[in-house]
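A look at the structure
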Amino acid sequence: MTTAVRPPVGDLLRDWRRRRRLSQLDLASEAGVSTRHLSFVETGRARPSREMVLHLADQLEVPLRERNELLLAAGFAPAYGHRGLDHPDMAAVTRALDLVLRAYEPYPALVVDRSWELVMANATVDLLTAGAAPYLLEPPVNVLRLSLHPDGLAPRIGNLPQWRGHVLHRLGREAALTGDPALAALHRELAALPGGTDRTTPDGIVVPLRLRTDDGVLSFVSTVTTFGTAVDVTAAELSVEAFLPADAATAEALRASVG
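Residues numbered from 1 in each chain as written. Predicted model: local features only at pLDDT ≥ 70, side-chain atom pairs only at ≥ 80, totals over all residues. Heavy atoms only, no water.

**Observations concerning the nonpolar core**
Ranked by size, the top nonpolar core spans 35 residues in total, and within it L144, L148, W163, L190 and F220 carry the most contacts. Of all elements in the fold, only β1 (109–112), α8 (143–148), α9 (160–178), α10 (181–191), β3 (209–213), β4 (216–226) and α12 (248–257) reach the threshold of two or more residues within this core. With six residues, the top contributor of residues to this core is α9. Discounting residues that sit within four places of it in the chain, F220 has contacts with P108, L127, L128, P208, L209, L211, F243, L244, P245, A246, T250 and L254. Core analysis: the next-biggest nonpolar cluster, separate from the first, contains 23 residues, V9, W16, F40 and L70 among them. (Core = buried A, V, L, I, M, F, W, Y, C linked by side-chain atoms within 4.5 Å. Buried < 20%, exposed > 50% of the residue type's maximum accessible area, 1.4 Å probe, protein only. Helix = DSSP H or I, 4+ residues; strand = E, 2+ residues; numbered from the N terminus. Contact = heavy atoms within 4.5 Å.)

**Thoughts on the pairing of β4**
Direction of pairing for β3 relative to β4: antiparallel, over a ladder of five bridges. Note on β4: the bridge partner recorded for R210 is S219. The loop that links β3 with its antiparallel partner β4 comprises two residues. Relative to strand β5 (residues 239–245), β4 runs antiparallel, the two being bridged by seven bridges. In the sheet register, V224 faces β5, and the bridge partner there is E241. (Pairing = 2+ DSSP bridges.)

Now the structure itself:
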């Protein structure tokens, strides 16, 4: 058995700095440290304190999961817990998510993790997933794959090239910002699916999702909500995506569906 060798903390910090497109001078100025000290940290000539690792990670907006990796690489214990939603300490988070999902009804809303796997959803999400192949709805459900796959929502999306362009751009940006190889692999997979892309500027201020349904074409705009003060990896990586009506006809159809 071989054991993976953890990269030095200096290498990881340098990678994050470059991912954020910052020079050593830029980061040193923002963090309030000398460029010389930062250079020594990145090259391994200086061992950063736990506080310095967390300070630099905060300046670089490193996700909590990767902050733990930085601390481990520097020889320190992780700072952030990583509890499952079934853990008693996460009961308040679960209740809050359920409350938010119910509050959005009759509009579809769902909770996803960093990998875009479905965690929770309200009843109206069935409107979006109607007609999708059963194998795409078997847990774990990846909602981006479900939306762009030919056996998923794609045939029902009236502006598929435009929606694909929006989804792929967003996913590619998240893969770059997090450095997550799983997100990069998902981006490559979805980019290879048929449907084309259209990155032209939309008529309005957001890219809508226009979905063909038995009630006609419904038009949605999506909003995303996250836990802004999360100090647990699981909570920090959750987001609520709600699909709100983009026009009066869609709002009326959704209200009628639960009437």
